[in-house]
Amino acid sequence: MKLVHQINLAFAISLIAVLLVTAVIIHYVLLDHFIGTQRKDMQSIGAQITETLVSAAKRQIPIEEAPLAMANGISTYPIVGMSAVITDTQGNVVSSTPLPAAVPAEAVPVEGGEYQSVGVTKGLTVRQILKDDLFLTEVTSVPQGTLTLITPISKIKAIEQALLGRLLLVFGAGAVMMLILSLFITKKLIKPLMLLREELKKVKERQFSEVRLVGAPGEIGVVAEAVHEMASELERYHHVQKQFFQNASHELKSPLMSISGYAEGIRDGVFEGEDIRKGLDIIMSESSRMKNIVTEMTLLAKLDSEEDIFRAAPVHLKELVEEAIERINPVLVKKGLSVHLSYAENETLIVHADRDKLLQALLNIVSNGARHASKHIYIQAGIEKGRVVLSVSDDGEGIAEELLPYLFHRFVKGKNGESGLGLAIARAIVERCGGLIMAANRKEGGAVITLGFPPYRAAGA
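Rules used in this analysis
Residues numbered from 1 in each chain as written. Predicted model: local features only at pLDDT ≥ 70, side-chain atom pairs only at ≥ 80, totals over all residues. Heavy atoms only, no water. Helix = DSSP H or I, 4+ residues; strand = E, 2+ residues; numbered from the N terminus. Contact = heavy atoms within 4.5 Å. Areas by Shrake-Rupley, 256 points an atom, 1.4 Å probe, with all protein chains shown as cover. Pairing = 2+ DSSP bridges. Axes fitted to C-alpha atoms, helices over the stretch in contact; angles between N-to-C directions. Buried < 20%, exposed > 50% of the residue type's maximum accessible area, 1.4 Å probe, protein only. Salt bridge = Lys/Arg side-chain N within 4 Å of Asp/Glu carboxyl O. Expected span 1.5 Å × (residues − 1). Polar contact = N/O pair within 3.5 Å; in protein donor to acceptor, adjacent residues only side chain to side chain. UniProt positions renumbered as here; feature names shortened; annotations may be inferred. Left-handed = near helix turned anticlockwise from the far one by under 90°. Nonpolar A, V, L, I, M, F, W, Y, C, P; charged D, E, K, R; others polar.

**Describing the overall build of the protein chain**
- Secondary structure assignment for the protein chain yields eight helices and 13 strands.
- Contacts in the protein chain between residues far apart in sequence, at least 24 positions, make up 65% of those at least 6 positions apart.
- Surface accessibility of the protein chain: about 28,000 Å² in total, with carbon and sulfur atoms responsible for 57%.

**Notes on the sheet that holds strand β12 (residues 436-441)**
- Here five strands make up an open sheet; going across it, the order is β8-β10-β11-β13-β12 and the pairing mixed. In this open sheet, the two strands that pair with only one neighbour each are β8 (338-343) and β12. On average, adjacent strands in this sheet sit at an angle of 15 degrees to one another, irrespective of strand direction.
- In this sheet, strand β11 (residues 387-394) lies alongside strand β10 (residues 376-384) in antiparallel orientation, the contact comprising eight bridges. Paired with I377 across the bridge in β11 is D394.
- Sitting on the sheet, helix α6 (residues 317-335) touches β8, β10 and β11, and the angle it makes with β8 is about 175 degrees.
- Strands in contact with helix α7 (residues 355-372) are β10, β11, β12 and β13 (447-453); relative to β11, the strand with the most contacts, it is inclined by about 30 degrees.

**Concerning the pairing of strand β6 (residues 145-152)**
- Most of β6 sits inside the fold, with seven of its eight residues counted as buried.
- Pairing of strand β5 (residues 135-142) with β6 involves eight bridges; the strand directions are antiparallel. Looking at the pairing, V139 lines up with T148 of β6.
- Hairpin connection from β5 to β6: two residues lie between these consecutive antiparallel strands.

**Some details on the pattern of salt bridges**
- What the rule picks out here adds up to 11 salt bridges.
- E198 serves as the salt-bridge partner of R197, at 3.9 Å between the closest nitrogen and oxygen.
- Two residues, R355 and E323, come together in a salt bridge whose shortest N-O distance is 2.8 Å. Separated by 32 residues along the polypeptide, R355 in helix α7 and E323 in helix α6 bring together distant segments of the chain.
- Looking at R355, the relative accessible area reads 32%, which means it is partly exposed.

**Considering helix α8 (residues 422-432)**
- Burial within α8 is extensive, with eight of its 11 residues counted as buried.
- Here α8 has its buried residues at G422, L423, A424, I425, A426, A428, I429 and V430.
- Taken from the residues just after α8, G434 is the one with a positive phi, measuring 85 degrees.

**Quick word on α7**
- Between its terminal C-alpha atoms α7 stretches 26 Å, which fits the 26 Å expected from 18 residues at 1.5 Å a residue.
- Within α7, 13 of the 18 residues are buried, which leaves the element mostly enclosed by the surrounding structure.
- Here α7 starts with a cap whose side-chain oxygen sits 3.2 Å from the backbone nitrogen of D356, and that cap is D354.

**Section: unusual backbone geometry**
- Non-glycine residue R206 carries a positive phi angle of around 65 degrees.
- Here R206 is to be found in the loop between α3 (153-204) and α4 (218-267).
- Residue classification places R206 among the exposed positions, given a relative accessible area of 64%.
- The phi angle at K385 is positive, at roughly 55 degrees, despite the residue not being glycine.
- By the secondary structure assignment, K385 is in the loop between β10 and β11.
- Of the residues examined, K385 reaches a relative accessible area of 88% and is grouped as exposed.

**Considering the UniProt feature "transmembrane region" (unreviewed entry) in the protein chain**
- Taking the numbering used here, the UniProt-annotated feature "transmembrane region" (unreviewed entry) corresponds to residues 6-30 and 163-185.
- Strand forms 0% of residues 6-30 and helix 100%; the C-alpha atoms that close the span are 36 Å apart.
- Secondary structure content for residues 163-185 is 100% helix and 0% strand, while the C-alpha to C-alpha distance between its ends is 32 Å.

**With respect to the packing of α6 against α7**
- Here α6 crosses α7 at 35 degrees, and the two axes come no closer than 9 Å. Handedness of the α6/α7 crossing: right-handed. Here L317, L320, V321, E323, A324, R327, I328, V331, L332 and K335 of α6 lie close against α7, whose contacting residues are R355, L358, L359, L362, L363, V366, S367, A370, R371 and H372.
- Partitioned by chemical class, the residues of the contact of α6 with α7 number 13 nonpolar, two polar and five charged.

Rendered as C-alpha cells:
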C-alpha cells in the first residue's frame, strides 16, 4: 500500500475512533446533566406542593378539597411531564394526577362490572406501578402521608438523543471536511517525498551531479537538503577516488619505469663499470620510494576501513612533540633549522588518541614544515575554548592559495613535495582521534597547520 493511502487510512481510523469515543462521552454527560436538572425541578415543585399540603392539613381541609385538587387530576403547579402521587402510611394511593404515558393506566372496576382506565387507582401501591429503571422519583413526607413525584426517563432520553443526533450530524460534517483536508495535506506532503525518491534513484545509479535539491517545508526539507549534500559529497568523493587511482598509478609508474629501464640496461650490457653501480643504486632508491608509497596507501586504507587498527589511550602531548623533534633532529641539523617550543603554563595537555599513530601524524606535519622552512619552525600547544590546540608553523614561502582547499587530499603535492600522502595520513589520524586539522598562511609569511583535540577526561571525572 502506498504511503499516501496508509496515512489517509490511519487518519480516518483515528478520526472515527475519536468521534465514537467523544459521542459516547457526550451521550452520558448530556444524560447525566438532564437527569440532574430534572431532579432539581422535581425538588422545587415538590417543595411547593408540600407547602400547600401542610397548609391544608393545618386548616383540616380534606385532600380532595385542597388547592392541589389532585383527586381530579388537576394541578395548579407546573408539573408538565410529571405525576404527583400521595400515599398513606401503608403505601396505598390516596390521591394522584394522571401518570405519564410511559406508565400504563390501571383497569379498575366500576358499577355494572365494567372497567375503566385511570391514571392511578386508589388502593394500589406506588411500588406496584413503577419500575426501578424507567422513572425518576422524588419522595417527600407530608402530613397526609408521602408525596411522590414521578417522571419517565424515556422523555429525558428522547430529548438527549435528539440533541445527540444533531451533534453527530455536526461531527459527521466536520469529519468529512477533515478527511478532505487530510487528503489535500497528505498529497502536499507526499509529493516532495515522491520527488525525493526520484533523486535517490539518481544516487543509486551514481548520477550524483544530476541530483537536484527538492524544495519542501519542515523535516522533509531538511532531509532533502541532506540528500542533496550527500550527493554532492559522493560526487566529490567519487572524483577524489578517480584522481586517487590516476595519481597512484602515476606515482607507482614512475619508479617502476626507472627500475625496469635500469634493470634492462644492466641485463643487456648497456651499463658498464661504475654505471652499473649507479643503476643499482637508483633501482634500490626507486624500490624504496615505491615501498613507502605502497605502505602509506595501505595505512590510509586501514585508517578508513578498520576499527581495530586504532587503540586509543591518554597521551601527553608535550612528550609526543619532544619525541617527534628528537626523531626528525638529523633533518633539522642538516638544514640548519631552529625549533621554538612554547606550552601553556599550568595546563595538562592530555588527549585521547593512539600514541603511535598520532606520533606518525606529527612527524609528517613537522617534516612538511622542515621541508619548506627557511630558518625557523614554531610549535605551540595550549588550551583554547576548551580544546587542546597544537600548531606547527614555519617561516617559508607559505602554501599556494589554490592549493589550500585540497592540501589534505591524497596525492596533492606542493613545491618540494614527496608522495603527496603525508598530510592526508595526518588528517585521517587526527580525525580518528576526534580532532580537527586545518592549514593556513601566516601573516608574517610561511604556513601554519593547526590541530585541535577534545581534552581527555578520565572515566567518572
